Amino acid sequence: MATYAVPTLPLHPPRTNFISSFNFPLHYNSLVSKTIRTTIPTQKWRNSRRKTTISAQERKVSSSPNKKSSEKGFDPAGFLTKHGITDKGFAQFLRERYKSIKDLKEQFFPRFANVMELSSGYELMGIHRNVQHRLDYMEWAPGITSIAFGARYCAVVGDFNGWSNTEHSAGKGHFGHDDFGYWFVILQDKVKEGQVPDELYFQQYNYADDYDKGDSGVTIEELFKKMNEEYWEPGEDRFLNKRFEVPAKLYEQMFGPNGPQTEEELGEIPDAETRYREWKEKHKDDPPSNLPPCDVIDSGKEYDVFNIVDDPVWLEKFRAKQPPIDYWLELRKGRKAWSEKYNPSIPHGSRYRVYFNTPSGPVERVPAWATYVLPEVEGKQSVAVHWEPPPEEAYRWKNERPKVPKSLRIYECHVGISGSEPKVASFSEFTEKVLLHVKESGYNAIQLIGVIEHKDYFTVGYRVTNLFAVSSRFGTPDDFKRLVDEAHGLGMLVFLDIVHSYSAADEMVGLSLFDGSNDCYFHTGKRGHHKYWGTRMFKYGDLDVLHYLLSNLKWWVEEYQVDGFHFHSLSSMMYTHNGFAAFTGDMEEYYNQYVDKDALIYLILANEMLHELNPNIITIAEDATFYPGLCEPTSEGGLGFDFYDNITVSEMWLSLLENVPDHEWSMNKVVKTLLGNGQNTNKMLIYAENHNQSISGGRSFGEILFGGTKEPSSGSENMLLRGSSLYKMIKLITFTISGRAYLNFMGNEFGHPMRVEFPMPSNDFSFSLANRQWDLVKDKGVHQDIFSFDKDMMKLDERMFSRSLPKIHHVNDTTMVISYIRGPFLFVFNFHPENSYERYSVGADEAGEYQLILDTDGVNYGGQGHLKDDQYLQRTMSNRIDGLRNCLEIMLPSRTAQVYKLTRILRV
C-alpha cells in the first residue's frame, strides 16, 4: 500500500549531493547483500571482448516470481498431451516439480534478482581487478565460517607474497566473511619506490587505457567546485547548503514551545492520506517553484504501482538531466598513471592458492573459481595461475559468431590427440592444422571434449577438477580464445562437452573437501559418490551450488564465446542410482524415489538461462534413459534441450559388426533404431560412432572393418572391399535417415584404422595410440576414398534437412533392402552381402526423372563401379509399389547404396 508523508517543507528532486554521498560501483549487484556488505567496484577492462549476448530490448524481461504474468501460457505437464502420455503419476510429478521451481525462485529472490543474476557469479568470485588500484578475491567456503568450528581466517598465498598466510588474509572479526560463507580478501597494489600514495582513497584508474581525463592535472577541489556550480539549478542546492533545515523545522513542530505539550493536545493523528491532502490545501497558493510538482495517487491495491501526477514540462526537464557521473569520471586516471605509481599486487602469471583454517587443520586449495590452473606435474602441488595480461597483449576478438545453420554437422574432437606426433597437441597446433581440415570436410560445427581442466590426462577430460579453467596442458586462455575465434571466422560453431553430472574426487586440485567439510559442493555419505566411478556428486538443491554451476555455463559463453554445450552423462545426475539400473520402459521409473528432482530443476534453469542469454545457444543432452521431455520447452514441462543423443545407434552398429554375421542383419531393427524407437526424431543428434567406440576400451569401426590393412594384397582385397562398402553405407544411412544433427568423431571421416588409447600406467604412458594419422588422407588408398565419399555426403545436407523427415516406404529383411525419400532425394540401400539385383523395384512419390548423384560403389570412392553411365538417369514407371503411385527399376549391387535426385517432374 502507498503511504502519504506530510512534508512541512517543499521536497527537492530525488538527487543527492554527489560530493558527500559518492559511492560509485562499476559493477555490483544484489550479491553484495548476501556477501560482504560494502561497495567493491570491480573494473571490467576487457576491451577485447566482443558483445556476446543479445540486447536488453531483445531479451525476455525477467519478472519477479510474485507476478502472475510470468505464469501465463505455462503448462507444467503440457508436453504429455502433445505426445499422448496419460500417466497420471508422471503428470503429478511434473506439477510438483514446477511448484518446487517456484519455491526455489522465491528462496533465491532475496539474494538474487533473477536467474540471470544467479548465473553471474564469475563477475565477483575469484580474483578481479578493482578500479581502486587493487585486486579483490572472493571465495565460497561455508564449512569454515561456523563459530563452532573455531575458524580464524582464509588467505590468498602465492609466490607474490612468499606463500605467507598472513599478508593477504580475511580474518575473523576483520570484515572477512558473511553469514553465507563468502570470504573477501583485498590485495592492494604496491606503491613503487619514490612514489607517494594517492591522496584520495577512492582514486580510480582505468586499467585498460593509457590515458583518461584524470591525467589532465585538474585537482579534485577544482572539479568539485565546478560540479556544484554547473550541475545544481537555483533552489536545488538549498538542502545541500542547509542540511539541518528540515530536521530543525520538524523538531520545532514536535518539541518547540508551540508544539503539543500533552497527549490530549496532540490529539488523534489523521491517516497519511488525510495529512497529505491537508498539506496540499495549505500550500496551494505558494509561489511557483522549480522543485518537482508531484502528487502520489494510490489505487489501494496490494503490490500496486504508484501513479505519479506531475507537470509534463518539469518531467521532461528532469528526464533530460543526467546524473553527475561525468564529473566523477574526470577524476579517473589511465593505465599509464597507474603503472607509474603502482606495481600489481599479484603480477600476471603468478602462482597462488587459497589457504583455509579448517576444523581439521590448515589446508591449501586451488580456488574453485580459478580461470587458469596447473594440475600436479612431476610431483608438485597444483596451483592456480593469475591470468591478467597487459591490455596490449590480451587477445582481441576478430570474428562474429556465425549464424546457426538449419542442420548441424558436428565434428567431435579432442585437442590433445589431434596431432600426428606422439605428444599432447596444443590449442595453437589444432587451430593451425585441424580447423581448416574440418571446414574442408564439410562440417559446420566442432564439439570439443577434454578442454576443461582435469588433473589426469587419461580420463579424457571427464574427471573435471576446475570448471572455470581451460586445460593448461593445451595452452593458455588466450590460445583457446584464438581457436574459437578462428573457428567462427571459418563459419563453424563451437560446442563444449560440459561435465556437470559429477566431479573429480581429487582434494588438492578439485572441489572435494574444498573447505574441509564433506558437504560444501557435494552430497554427504553414499549419495555424494558415484556408484561405480568414484567421482563426487553435486548437491543441486543447494542455492550456492546452483550459483556455481549456472555461472560456469554463462562464463564459457561470455568469456570464450562458445555457441553451445553437450551435457555429458545426464543419467548420472538425474537418478540416485546414477543410471545403473535396468530400465523396462515403465513411466514410473522416471518419477520414483530414485529420481533426483533437484538435478532436473538445475537442468531446467540452465536451459532457461542459456536461451535467455542468447536464443541461438545450442544445448545437447546425453541421456541413455531417454527421459521424457528432454527436448520439450520448459514452458510445457520439458527440460528445454535443443537436441538429444541417440546413443543406441552406435551401440547397434558396433554389435552388428562384432557379433552378427552380415546376412543375419535385421533391416527392421536397423531402421527402428535409427528412428529413435519412437522418440522425437527431429530433435535427435545421431552418429555412427563417436569417441566412446574409439576411446572407452573398444575398437574404432575402421579397426574392426579394415583390420589394420591399408592397401589391397593377397587375401586382403575382399576384406578391404567389404570394410569400405559397409563403412560408407553405415555412415550414409545414419546421416540421412534421422533428424537435423549429425556427429562424426575426429578421424572417422576417413575411417581411422586405430582406436585411441591415452598414456597411462598400463601402457607405460605410451603416446603411440594417442594421435591421429592424418597422412592417410593424402596417400592414395581406402582412407582417401572414404574421405572423398564423406565430403560428398556432407554436400547433401542443406536441401535434405531443410525438408521434412524421411518417408520410409521400403524395408525388406529378406532382400536386405531399405529405401526412403527425403526432400528431392531417393535413397536405396542393399545390405545383402552376396545378392545383387539387376532390376529392383522401389516406390517413388513423384513421376519424373531421377539422376544418380551418389553411389557408394563408385570407382572414385574405391568401389567396383558396377553402374555404367547410361544407368545414372532413371525414369519412373506408372506402377504402384510400396504404396506409392510410381516406381523405379534400378540395378542394386550387393553391399551398395545409391542416392537419386529428382531433376525433372513429369505431369501425367
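Everything discussed here concerns the structure shown above.
Computed from a predicted model, the values in this text were never measured in an experiment.

Trainee: Can you break down helix α19 (residues 647-659) residue by residue, with the values?
Mentor: If you check α19, its first and last C-alpha atoms are 18 Å apart, about what 13 residues at 1.5 Å a residue would give, namely 18 Å. Lining the buried residues of α19 we find β21 (643-645), α20 (667-674), β22 (684-686), α21 (691-695), α22 (701-706) and α23 (717-737).

Trainee: An account of the pattern of salt bridges is needed here, citing residue identities and associated values.
Mentor: Summed over all chains, the structure comprises 33 salt bridges. Among the salt bridges present, the one from Asp 136 reaches Arg 134, with a minimum N-O distance of 2.6 Å. Per residue, the accessibility class of Asp 136 equals that of Arg 134, and both read buried. Arg 904 is the salt-bridge partner of Glu 849, the closest N and O atoms lying 3.6 Å from each other. You can see Glu 849 sitting in strand β28 (residues 848-855) and its partner Arg 904 sitting in strand β31 (residues 896-905), a full 55 residues away along the chain. By relative accessible area, which is 13% here, Glu 849 ends up buried. A single salt-bridge network, built from bridges that share partners, covers Lys 82, Glu 632 and Glu 636.

Trainee: Now, about the packing of aromatic side chains: what can you tell me, with residues and values included?
Mentor: Applying the stated criterion across every chain, the model contains 53 aromatic pairs. When the ring of Phe 90 is compared with that of Phe 93, the centres are 6.3 Å apart and the planes differ by 15°; the resulting orientation is stacked. With Phe 90 and Phe 93 both in helix α3 (residues 88-108) and 3 residues apart, this pair spans about one turn of that helix. Judged by its relative accessible area of 7%, Phe 93 falls in the buried class. Over the face of the ring belonging to Phe 180 we find Arg 111, whose NZ or CZ atom lies 4.0 Å from the ring centre. Geometry around Tyr 207 places Arg 129 over its ring, the cationic atom sitting 4.6 Å from the centre.

Trainee: How would you explain the environment of Ile 127 if you had to name every residue and give the values?
Mentor: Secondary-structure assignment places Ile 127 in strand β1 (residues 126-130). Taking the C-alpha atoms as reference points, Ile 127 and Ala 370, separated by 243 residues in sequence, lie 7.8 Å from one another. Not counting residues up to four positions away in its chain, the partners in contact with Ile 127 are Leu 135, Asp 136, Tyr 137, Ile 346, Tyr 352 and His 386.

Reading guide: rules and limits
Residues numbered from 1 in each chain as written. Predicted model: local features only at pLDDT ≥ 70, side-chain atom pairs only at ≥ 80, totals over all residues. Heavy atoms only, no water. Helix = DSSP H or I, 4+ residues; strand = E, 2+ residues; numbered from the N terminus. Expected span 1.5 Å × (residues − 1). Contact = heavy atoms within 4.5 Å. Salt bridge = Lys/Arg side-chain N within 4 Å of Asp/Glu carboxyl O. Buried < 20%, exposed > 50% of the residue type's maximum accessible area, 1.4 Å probe, protein only. Phe/Tyr/Trp six-rings, centres within 6.5 Å; stacked < 30°, edge-to-face > 60°. Lys NZ or Arg CZ within 6 Å of the ring centre and 35° of its normal.

These results come straight from atomic positions and should not be treated as a statement about function.
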